[in-house]
Protein chains: 2
Amino acid sequence: MSDLTDRLAEGLPAGALVVDPDVTAAYRYDMAGFCEAGAPAVVVFPETVEQVQHIMRTATELRVPVVPQGARTGLSGGANAVDDCIVLSMVKMNRILELDPVNRIAVVEPGVVNAELSRAAGKLGLTYPPDPSSWESCTIGGNIGTGAGGLCCVKYGVTSEYVLGLDVVLADGRLLSTGRRTAKGVAGYDLTRLLVGSEGTLGVVVRAVVALRPAPAPQLALAAEFPSTDAACAAVCEVMARGFTPSLMELMDTVTVRAVNDLAQMGLPESTQALLLVAFDGPHPAAELAAVGELCLAAGATEVVPAEDQAESEMLLQARRLSLTALDRLGTTMIDDVAVPRSRMAEMLSGVAAIAERCDLTIGVVCHAGDGNTHPIVIFDADDPEQAARAKQSFDEIMGLGLELGGTITGEHGVGLLKRDWLERELGPVAVELQRQLKSVFDPLGILNPGKAV
Amino acid sequence: MSDLTDRLAEGLPAGALVVDPDVTAAYRYDMAGFCEAGAPAVVVFPETVEQVQHIMRTATELRVPVVPQGARTGLSGGANAVDDCIVLSMVKMNRILELDPVNRIAVVEPGVVNAELSRAAGKLGLTYPPDPSSWESCTIGGNIGTGAGGLCCVKYGVTSEYVLGLDVVLADGRLLSTGRRTAKGVAGYDLTRLLVGSEGTLGVVVRAVVALRPAPAPQLALAAEFPSTDAACAAVCEVMARGFTPSLMELMDTVTVRAVNDLAQMGLPESTQALLLVAFDGPHPAAELAAVGELCLAAGATEVVPAEDQAESEMLLQARRLSLTALDRLGTTMIDDVAVPRSRMAEMLSGVAAIAERCDLTIGVVCHAGDGNTHPIVIFDADDPEQAARAKQSFDEIMGLGLELGGTITGEHGVGLLKRDWLERELGPVAVELQRQLKSVFDPLGILNPGKAV
């Protein structure tokens with residue numbers, strides 16, 4: 001064994017350290033298969049804070065890069081390995097340490113799976129709202145690393161609004177505690193929120209205090225079919241301008257509708273250019289859906305189908321949930337994550353259609369429409385280098401369009417490797433310089449997830 | 001004129017620069033009269049971003065400290081002048097630049113008064129929720145500097161949850177743009193939230209994009225009288241554990257109740273040891289109040305008075321609104337701001353009563369009870385040095401108790417000068433060192449609000 005693995009083994013239990021290249025190779029990638037990934041020297045699975053501190057102290061001493069990983073469901077390569085690194089998998093630190101209904105908080109280790117926290121909280125009448133599509137497998141630590149969003153964000157907000165305090169092992173092995181267990185607190189700079197979304201480049205989260213909420217009533221949904229994305233986006237704007245607060249507002253374009261039909265024979269009308277799903281979880285969802293249905297018809301919807309009950313709602317929402325699986329069957333996919341002001345979403349969608357036509361590619365789009373957060377999904381043949389180049393070109397054009405429309409290159413997936421080259425275009429040189437200086441404060445040797453995010 | 005004022009005058013219009021010591025003396029203090037304050041060399045009132053950049057460039061070149069100020073309603077000395085500084089008053093940059101109902105955002109200059117933004121948003125059916133007690137005079141820039149809270153936070157959260165993006169002039173005059181105009185966004189480290197609550201020590205906010213919400217229905221309140229603070233706190237815990245989300249939940253102790261009675265003859269029963277005010281602004285406030293009233297009675301309330309209508313609600317809430325004014329009449333006051341987990345609030349209140357007895361002082365307490373955010377108000381005779389020393393002693397003991405109970409020394413007022421010595425006790429040496437390093441990244445010469453916060 002190498003000096004590195006010897007040193008790591010001194011502070012880790014048997015089985016917490018894997019060097020077999022056949023096994024470590026499985027930890028090279030998250031879900032962004034298109035980004036480069038190196039070959040790790042070792043994968044470690046600590047179970048205690050002290051073990052994480054030992055790993056980071058060793059890494060600092062030997063100047064070895066460390067790539068923290070959760071469930072590797074990320075979509076931007078932020079958890080991809082670099083050559084000769086320590087992959088620091090947090091999945092074995094997966095205990096829910098506290099659930100506190102009076103203070104409406106949970107204290108969790110980073111490897112807790114999002115859905116497990118939601119289910120445990122649910123038994124106490126509470127919920128942990130952020131719900132990325134991968135919620136059945138993604139971890140709270142990964143959610144914190146990326147600042148994850150989800151379908152509920154239009155009403156309930158994103159991860160950063162639910163993280164109250166963190167225990168973090170720094171690059172040199174010191175333990176930092178940030179934030180609080182209280183509902184409010186403003187003592188010192190908000191290091192907690194600086195760490196949320198920092199993609200493992202500033203420290204390794206080993207414990208989190210997160211806010212819970214009372215579990216909402218089951219949501220009731222409607223589906224509205226539109227003859228154009230413009231009309232659907234106009235309906236979205238009208239719903240928000242009239243002061244409604246849906247618990248979900250999702251949009252699927254015609255490419256996605258057809259793909260879902262092909263996969264699941266859902267009988268969605270294929271002439272539909274945009275399918276809008278809207279749900280409410282307040283005390284009078286049927287009344288709110290009726291009012292929103294009227295707004296959709298006024299905006300040009302050709303049909304509005306309100307669910308009668310929760311089972312029907314689930315069937316409608318199933319179309320949205322199957323979208324990525326359905327599009328994945330059409331070829332290799334690159335999923336973009338551009339958020340724009342919702343008033344500009346119509347321009348975003350028509351612009352993406354124009355890019356698809358110009359690049360001669362199929363691009364399906366699903367949107368967290370209430371947030372203006374679009375996911376254009378570029379479909380191509382990865383074995384055809386010329387087509388892959390066009391796919392990359394269209395992906396970049398989509399980000400450029402998003403910025404032109406006052407948006408951001410990433411609403412909820414993070415920068416990772418995938419969008420690193422675009423970050424400065426969005427942030428400008430002053431912000432980028434500050435970001436790099438902040439990185440140096442936390443990680444002067446540059447060993448934490450090098451090359452990611454900033 | 002000095003070199004400093006000559007140089008400042010080169011980039012400022014006539015009248016934007018004041019050197020008359022009789023006038024500048026009025027800008028020495030915020031509302032924390034007990035903290036030290038220096039004599040400013042000059043007070044400037046810029047009206048444009050470029051003027052602020054000119055001021056900061058000049059300050060950097062001449063190494064002159066700069067103290068940013070809003071309406072100076074702060075309670076921790078964070079805006080107090082230091083000797084020979086430039087006081088940078090942002091009150092003339094007070095335009096609401098955009099109000100956008102579709103995207104539910106406002107773009108404002110920092111000198112906009114909180115209540116003016118709320119009223120302007122209200123005309124469009126929207127609201128800006130954070131509502132510090134000083135909302136009729138405090139500015140959005142000041143709210144951002146302190147991370148201000150308010151009465152609505154138990155349901156609607158604090159300032160940091162409403163700030164989406166900032167334009168900030170850095171210490172050297174460079175202009176930094178952070179964040180976004182979109183509902184979601186995770187590109188790069190969250191500099192926006194790092195700046196919120198940084199008390200003017202990292203940069204000068206010159207523009208803010210803030211989130212608005214649909215205006216809620218008028219709230220309906222009840223008042224419940226308790227024979228002990230323990231019983232009132234038990235009711236608070238029960239309300240939260242049962243999943244209610246009141247729009248306001250405030251607690252006044254017997255000292256405060258008596259003071260308000262003396263001021264306004266409100267006829268509150270003086271035997272009451274704690275008065276709890278609870279309000280709801282959802283679709284069925286009366287039903288929620290009825291249920292909460294039952295919980296209060298079960299917890300030991302001697303009387304529950306639900307308002308029949310909005311006018312009655314306002315009368316009940318008036319008791320809370322008059323609290324500080326009423327306590328101010330009893331002597332000089334020092335207002336503390338300790339937040340604890342709400343499950344520990346009963347211990348906090350009995351501990352404060354014990355401290356008052358031990359120090360032989362009157363201490364009134366009002367709490368944002370739903371948040372566990374207590375404001376013990378120490379009353380003393382400032383002309384009696386021995387009593388003033390006991391007041392300071394009790395103030396410190398209150399903070400110590402808050403930390404013992406898992407709380408924070410400041411829920412919403414900020415550290416400023418008042419609590420600077422306590423910050424390390426709360427944060428620990430690792431966090432404090434990082435905070436100081438972050439400060440150095442933004443302000444290597446240490447000219448921005450020196451000696452405050454960190």
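Described in the following lines is the structure provided in the data block. (Residues numbered from 1 in each chain as written. Chains lettered and ligands numbered in written order. Predicted model: local features only at pLDDT ≥ 70, side-chain atom pairs only at ≥ 80, totals over all residues. Heavy atoms only, no water.)

## Description of the interface of chain B and chain A
Okay, so step 1: Taken together, the contact pairs 74 residues of chain B with 74 residues of chain A.
Okay, so step 2: The largest contributions to the chain B side of the interface with chain A come from Lys184, Val186 and Tyr189 of chain B, which together make up 16% of the buried area.
Okay, so step 3: Linking chain B with chain A are 6 salt bridges.
Okay, so step 4: Salt-bridge contacts for lysine 184 of chain A lead to aspartate 371 of chain B; the nearest nitrogen and oxygen are separated by 3.6 Å.
Okay, so step 5: The tally of links from chain B across to chain A stands at 27 residue pairs in polar contact (both at pLDDT 80 or more).
Okay, so step 6: For the side of chain B that touches chain A, the secondary structure elements donating two or more residues are strand 9 (175-179), helix 7 (191-195), helix 8 (229-241), helix 15 (420-427) and helix 16 (429-442) of chain B.
Okay, so step 7: Residues of the side of chain B that touches chain A, tallied by class, amount to 35 nonpolar, 27 polar and 12 charged. (Contact = heavy atoms within 4.5 Å. Buried area = accessible area lost by both parts, 1.4 Å probe. Salt bridge = Lys/Arg side-chain N within 4 Å of Asp/Glu carboxyl O. Polar contact = N/O pair within 3.5 Å; in protein donor to acceptor, adjacent residues only side chain to side chain. Helix = DSSP H or I, 4+ residues; strand = E, 2+ residues; numbered from the N terminus. Nonpolar A, V, L, I, M, F, W, Y, C, P; charged D, E, K, R; others polar.)

## Points about the packing of helix 14 (residues 385-404) of chain B against helix 15 of chain B
Residue and element names in this part refer to chain B.
Okay, so step 1: At a minimum axis separation of 11 Å, helix 14 and helix 15 run at an interaxial angle of 15°. By the angle between their directions, the pair helix 14 and helix 15 is classed as roughly parallel. Judged by the sense of rotation from one axis to the other, the crossing of helix 14 with helix 15 is right-handed. Contact residues: helix 14 offers Asp396, Met399, Gly400 and Leu403, while helix 15 offers Trp422, Arg425 and Glu426.
Okay, so step 2: Per-class residue counts for the contact of helix 14 with helix 15 are 3 nonpolar, 1 polar and 3 charged. (Axes fitted to C-alpha atoms, helices over the stretch in contact; angles between N-to-C directions. Parallel < 35°, antiparallel > 145°, perpendicular 65-115°, else oblique. Left-handed = near helix turned anticlockwise from the far one by under 90°.)

## Topic: the relation of the copies chain B and chain A
The relation between the two chain copies is a rotation about an axis coupled with a shift along that axis.
Okay, so step 1: The two copies are related by a screw operation: chain B maps onto chain A through 180° of rotation and 0.0 Å of translation along the axis, at an RMSD of 0.0 Å. Interpreted geometrically, this transformation is the action of a two-fold axis.
Okay, so step 2: A share of 100% of the interface residues of chain B reappears at the interface of chain A, consistent with the copies meeting face to face through the same patch. (Least-squares fit on C-alpha atoms with pLDDT ≥ 70 in both.)

## A word on helix 3 (residues 49-62) of chain A
Along an α-helix, a turn takes 3.6 residues, which lines up residues three or four apart on a common side.
Residues and elements named next belong to chain A.
Okay, so step 1: Counted at 1.5 Å a residue, the expected span for helix 3 with its 14 residues is 20 Å, and the 20 Å between its end C-alpha atoms agrees.
Okay, so step 2: Most of helix 3 sits inside the fold, with 10 of its 14 residues counted as buried.
Okay, so step 3: Among the residues of helix 3, Val49, Gln51, Val52, Gln53, His54, Ile55, Met56, Thr58, Ala59 and Thr60 are the ones counted as buried.
Okay, so step 4: Following helix 3 by one or two positions, arginine 63 adopts a phi angle in the positive range, close to 55°. (Expected span 1.5 Å × (residues − 1). Buried < 20%, exposed > 50% of the residue type's maximum accessible area, 1.4 Å probe, protein only.)

## Quick notes on the environment of arginine 436 of chain A
Residues and elements named next belong to chain A.
Okay, so step 1: Note on placement: arginine 436 falls in helix 16 (residues 429-442).
Okay, so step 2: Note on arginine 436: relative accessible area 47%, which makes it partly exposed.
Okay, so step 3: Placed 18 residues apart in sequence, arginine 436 and valine 454 show a C-alpha to C-alpha distance of 6.6 Å.

## With respect to the packing of helix 8 (residues 229-241) of chain A against helix 13 (residues 345-359) of chain A
All names here are of chain A.
Okay, so step 1: In the contact formed by helix 8 and helix 13, the axes pass within 8 Å of each other and the chain directions differ by 160°. When the axis of helix 8 is compared with that of helix 13, the two are roughly antiparallel. Note on packing geometry: the crossing formed by helix 8 with helix 13 is right-handed. On the side of helix 8, the interface is formed by Thr229, Asp230, Cys233 and Val236, while helix 13 contributes Met345, Ala346 and Leu349.
Okay, so step 2: Class assignment of the residues belonging to the contact of helix 8 with helix 13 gives a composition of 5 nonpolar, 1 polar and 1 charged.

## Focus: the sheet that holds strand 6 (residues 105-108) of chain B
All names here are of chain B.
Okay, so step 1: Pairing within the open sheet is antiparallel, and its 5 strands lie in the order 5-6-10-8-9. Each edge of the sheet is formed by a strand with only one pairing partner; in this case those strands are strand 5 (96-100) and strand 9. Looking at each pair of strands side by side, their axes are set apart by 10° on average, direction ignored. (Pairing = 2+ DSSP bridges.)

## So, the nonpolar core
Okay, so step 1: Ranked by size, the top nonpolar core spans 236 residues in total, and within it Leu276 and Phe442 of chain A together with Leu276 and Phe442 of chain B carry the most contacts.
Okay, so step 2: Excluding anything up to four places from it in sequence, leucine 276 of chain A contacts Leu222, Ala223, Ala224, Phe226, Ala232, Ala235, Val236, Met249, Glu250, Leu251, Cys296 and Ala369 of chain A. (Core = buried A, V, L, I, M, F, W, Y, C linked by side-chain atoms within 4.5 Å.)

## Digging into the side chain of aspartate 337 of chain B
Residue and element names in this part refer to chain B.
Okay, so step 1: Along the chain, the position of aspartate 337 falls in the loop between strand 16 (332-335) and strand 17 (338-339).
Okay, so step 2: Buried charge aspartate 337 goes without a salt bridge, the closest partner of opposite sign being lysine 419 at 5.0 Å.
Okay, so step 3: Polar contacts involving the side chain of aspartate 337 include one to the side chain of threonine 410, which spans 2.6 Å.
Okay, so step 4: A distance of 2.7 Å separates a polar side-chain atom of aspartate 337 from the backbone nitrogen of histidine 413.
Okay, so step 5: If sequence neighbours within four positions are ignored, aspartate 337 has contacts with Asn373, Thr374, His375, Pro376, Thr408, Ile409, Thr410, Gly411, Glu412, His413, Gly414 and Lys419. (Lys, Arg positive; Asp, Glu negative; His and termini not counted.)

## Side note on the pairing of strand 8 (residues 163-169) of chain B
Residue and element names in this part refer to chain B.
Okay, so step 1: Counting buried residues along strand 8, 7 of its 7 residues qualify, which places the element largely inside the surrounding structure.
Okay, so step 2: Sheet topology places strand 8 next to strand 10 (residues 204-211); 6 bridges connect them, and they run antiparallel. Along strand 10, the bridge assignment pairs leucine 166 with alanine 208.
Okay, so step 3: Pairing geometry for strand 8 and strand 9, over 5 bridges, is antiparallel. Bridging from a neighbouring strand, aspartate 167 pairs with serine 177 of strand 9.

## Description of the packing of aromatic side chains
Okay, so step 1: Evaluated as defined, the whole model comprises 6 aromatic pairs over all chains.
Okay, so step 2: Between phenylalanine 244 of chain B and phenylalanine 280 of chain B the ring centres are 6.1 Å apart and the planes differ by 65°, which places this aromatic pair in the edge-to-face class. Of the two residues, phenylalanine 244 of chain B sits in the loop between helix 8 and strand 13 (248-253) while phenylalanine 280 of chain B sits in strand 14 (residues 274-280), which places them 36 residues apart along the sequence. Phenylalanine 280 of chain B carries the same exposure label as phenylalanine 244 of chain B, and that label is buried.
Okay, so step 3: Its end group placed over the ring of phenylalanine 45 of chain A, lysine 92 of chain A keeps NZ or CZ at 5.3 Å from the ring centre. (Phe/Tyr/Trp six-rings, centres within 6.5 Å; stacked < 30°, edge-to-face > 60°. Lys NZ or Arg CZ within 6 Å of the ring centre and 35° of its normal.)

## A closer look at the sheet that holds strand 9 (residues 175-179) of chain A
All names here are of chain A.
Okay, so step 1: An order of 5-6-10-8-9 is seen for the 5 strands of this open sheet, with the pairing classed as antiparallel. Both edges of this open sheet fall to strand 5 (96-100) and strand 9, since each of them pairs with a single strand only. Each strand of the sheet is rotated relative to its neighbour by a mean of 10°, with strand direction disregarded.

## Focus: empty space enclosed by the protein
Okay, so step 1: According to the stated counting rule, one finds 2 cavities of 30 Å³ or more in the structure shown.
Okay, so step 2: Roughly 350 Å³ of volume is contained in the largest cavity.
Okay, so step 3: If you go around the largest cavity, you meet 28 residues; those closest to its centre are Arg180, Gly185, Val186, Gly188 and Asp190 of chain B.
Okay, so step 4: Among the elements of the structure, helix 15 (420-427) and helix 16 of chain A together with strand 8, strand 9 and helix 7 of chain B are those that each provide at least two residues to the lining of the largest cavity.
Okay, so step 5: Looking at the lining of the largest cavity, its residues break down into 10 nonpolar, 12 polar and 6 charged.
Okay, so step 6: For the second largest cavity, the calculated volume is near 30 Å³.
Okay, so step 7: Every residue lining the second largest cavity is listed: Gly197, Ser198, Glu199, Val415, Ala453 and Val454 of chain A together with Val186, Gly188 and Tyr189 of chain B. (1 Å grid on protein atoms, 1.4 Å probe; cavity = no way out; pocket = protein on both sides within 12 Å on 5 of 7 lines; lining within 4 Å. Points joined across faces, edges and corners; volume = space filled by probe spheres on them.)

## Some remarks on the pattern of salt bridges
Note that side chains of opposite charge can pair when their charged atoms are close.
Residue and element names in this part refer to chain A.
Okay, so step 1: For the structure shown, the criterion picks out 41 salt bridges over all chains.
Okay, so step 2: Glutamate 109 is paired through a salt bridge with arginine 95; the nearest N and O atoms lie 2.8 Å apart. Within this pair, whereas glutamate 109 is found in the loop between strand 6 (105-108) and helix 4 (114-122), its partner arginine 95 is found in the loop between strand 4 (86-89) and strand 5, the two being separated by 14 residues in sequence.
Okay, so step 3: Its relative accessible area of 2% is what places glutamate 109 among the buried residues.

## Here we look at the pairing of strand 19 (residues 373-380) of chain B
Side-chain positions along a regular strand alternate between the two faces of the sheet.
All names here are of chain B.
Okay, so step 1: Burial runs high along strand 19: 8 of the 8 residues are buried.
Okay, so step 2: Side chains Asn373, His375, Ile377 and Ile379 of strand 19 all project onto a buried face; the interleaved residues Thr374, Pro376, Val378 and Phe380 project onto the opposite face, where all are buried too.
Okay, so step 3: The pairing of strand 16 with strand 19 spans 4 bridges and is classified as antiparallel. In the sheet register, isoleucine 335 faces strand 19, and the bridge partner there is isoleucine 377.
Okay, so step 4: Pairing analysis gives 2 bridges linking strand 17 to strand 19, with the strands arranged antiparallel. Following the sheet pairing, valine 338 is matched in strand 19 by threonine 374.
Okay, so step 5: For strand 18 (residues 362-368) and strand 19, the ladder comprises 7 bridges, and the chain directions are antiparallel. Bridge pairing links cysteine 367 to threonine 374 in strand 19.
Okay, so step 6: Counted between consecutive antiparallel strands, the loop separating strand 18 from strand 19 contains 4 residues, among which glycine 372 sits at a positive phi close to 65°.

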